[in-house]
Structure formats: structure tokens, C-alpha cells
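# Tertiary structure, described
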Amino acid sequence: KQEVTQIPAALSVPEGENLVLNCSFTDSAIYNLQWFRQDPGKGLTSLLLIQSSQREQTSGRLNASLDKSSGRSTLYIAASQPGDSATYLCAVLIYNQGGKLIFGQGTELSVKP
Amino acid sequence: GAVVSQHPSRVICKSGTSVKIECRSLDFQATTMFWYRQFPKQSLMLMATSNEGSKATYEQGVEKDKFLINHASLTLSTLTVTSAHPEDSSFYICSASGTGRAGELFFGEGSRLTVL
């Protein structure tokens, strides 16, 4: 059974810091891995999607890496801003199971001005 | 990107009543939609997979008679919580796969259900 774990559960940093969020999964048979942002009481916003054949994706200040063999992904946020404060969720799409996403518990990020 | 809309965003109901939540893909056709449930400070748990024109596939532990799912068209899936109880209070989110990158899912804004 696929399990997704995110560390840390919560993180508080001063504005301007670079930071790394970690995600690990137990079964490497994934189709892709996605990072999402969730603001309180809101739905999910897709940040980055890494296909299983890829090693990283970048979008602006965000960079996500994928090491499928070790079951790990990281989300790197450069020069953090207070507007980055949110919960960040990683999720893996199980291979050949019709689009089932298995989510981690999320990392709650707070960026202090 | 593709847009998925949920309605209502918030609903309060009395115990014993039924509540319907709609999930629409606004600018694409979605043969498959997914319904998730999220408790406070917890992650999303997949409840069921909704396929257009056929019965939904429910995850283990999810009561199909309580959470009725209908996917009558390629742009609309509905989740009806029947005979709601306070423990059904939760945040319900739907998602749909679009026509872009393979395996990319788009999420609705979620619906907050409070059962009194």
C-alpha cells in the first residue's frame, strides 16, 4: 500500500529564506508526483507536476525534484515571501489505477515578514 | 489551466437532511472525476472515483448508500450526502483530469459541509 509522508509537518521561517520541503513515498511504481498549495479553507492549486521519467521541474521560485528509486521528492522555495504561507501537499499518482492520487499530510508553512 | 468549479462552497444543514454538492469542469470534458474528503489539519482522503455514465467506484470504508455519486455528463458530477450526521461535517473536494499533461488533475475550490 502506497504511503506518502511529508516532513516537517510545520515550518516557520523569516522572509527571504530559502527552504526545502520533503516528501517520501513507499512504492516507486508511480505515474507522477505533484506538489499542491492549499490556502486555509480553499481547494488545491497545482504548483508542479513531475512525470516519473523526469528528475525535476521548475516554476519561478519553485523547484521540485524527484528521485523515484529512493522514493523521495523535495520542493525548494527560493527567497520566501509572506504570500508563500500556506499548506503544501505532495501527492503521487498510482501507476495504472485510473488517476488515484495519494496525498501526504502536508507541510504548513508560515513566512514571517 | 483547466477550471473545476464546485457549488456550494459552504453549506449548513440539519441532521437527517440530504445535501448535494456539484462539481463541474468548465472548459473541458472530464470522463473521470474524483471526490475527496478532508478533515481539519489532515490530508485529502479519496472517497470515490466517478466515471461518466457508469457507477462510481468507492474506496474501502466509504458507504456508497450514504455518499451517492452521479456523473451524468462529461462536465458534471454530483455528491449527495444522505441523512447527514454531524460526523459528516467536513471539507469535500472534487478533481478532474483534463486534456493537458497526462495524469494532471485539477481541483475544485472545495465545499465546506457543517451538519448541525
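### Brief notes about the packing of aromatic side chains
Evaluated as defined, the whole model comprises seven aromatic pairs over all chains. With a centroid separation of 5.1 Å and an interplanar angle of 80°, the aromatic rings of phenylalanine 36 of chain A and phenylalanine 107 of chain B are classed as edge-to-face. Linking phenylalanine 36 of chain A in strand 4 (residues 30–38) with phenylalanine 107 of chain B in strand 10 (residues 105–107), this pair reaches from one chain into another. The exposure classification of phenylalanine 36 of chain A matches that of phenylalanine 107 of chain B, with both residues buried. Taking 6.3 Å as the distance between ring centres and 45° as the angle between the ring planes, the aromatic pair formed by phenylalanine 67 of chain B and tyrosine 92 of chain B counts as tilted. Of this pair, phenylalanine 67 of chain B sits in strand 7 (residues 67–73) while tyrosine 92 of chain B sits in strand 9 (residues 90–97), and the two are 25 residues apart along the sequence.

### Section: the nonpolar core
Core analysis: the largest hydrophobic core is formed by 25 residues, its most contacted members being Val4, Trp35, Phe67, Tyr92 and Leu113 of chain B. Residue contacts for tyrosine 92 of chain B: discarding those within four places in its chain leaves Gln6, Ile21, Tyr36, Arg37, Met47, Phe67, Leu79, Gly110, Ser111 and Leu113 of chain B. Within the second largest apolar cluster, 23 residues are counted, among which are Val13, Cys23, Leu48 and Leu109 of chain A.

The rules we used
All residue numbers here refer to positions counted from 1 along the written sequence of the relevant chain. For naming, the first written chain is A and the first written ligand is 1, with later ones following in the order written. Selection of residues for local features in this predicted model requires a pLDDT of at least 70, selection of side-chain atom pairs for listing and counting requires 80 or more, and totals for whole chains, interfaces and linings are taken over all residues. To obtain the side-chain values, all non-hydrogen atoms of the structure were included, while hydrogens and water were left out. Between 30 and 60 degrees the pair is tilted, below 30 it is stacked and above 60 it is edge-to-face, where a pair is any two Phe, Tyr or Trp rings, Trp via its six-membered ring, whose centres lie within 6.5 Å. Counting from the N terminus, the helices are DSSP H or I runs at least four residues long and the strands are E runs at least two residues long. When accessible area is computed with a 1.4 Å probe and restricted to protein chains, residues below 20% of their type maximum are described as buried, those above 50% as exposed, and intermediate ones as partly exposed. We call a set of buried Ala, Val, Leu, Ile, Met, Phe, Trp, Tyr and Cys residues a nonpolar core when their side-chain atoms join them within 4.5 Å. By the convention used here, residues are in contact when the closest approach between their heavy atoms is within 4.5 Å.

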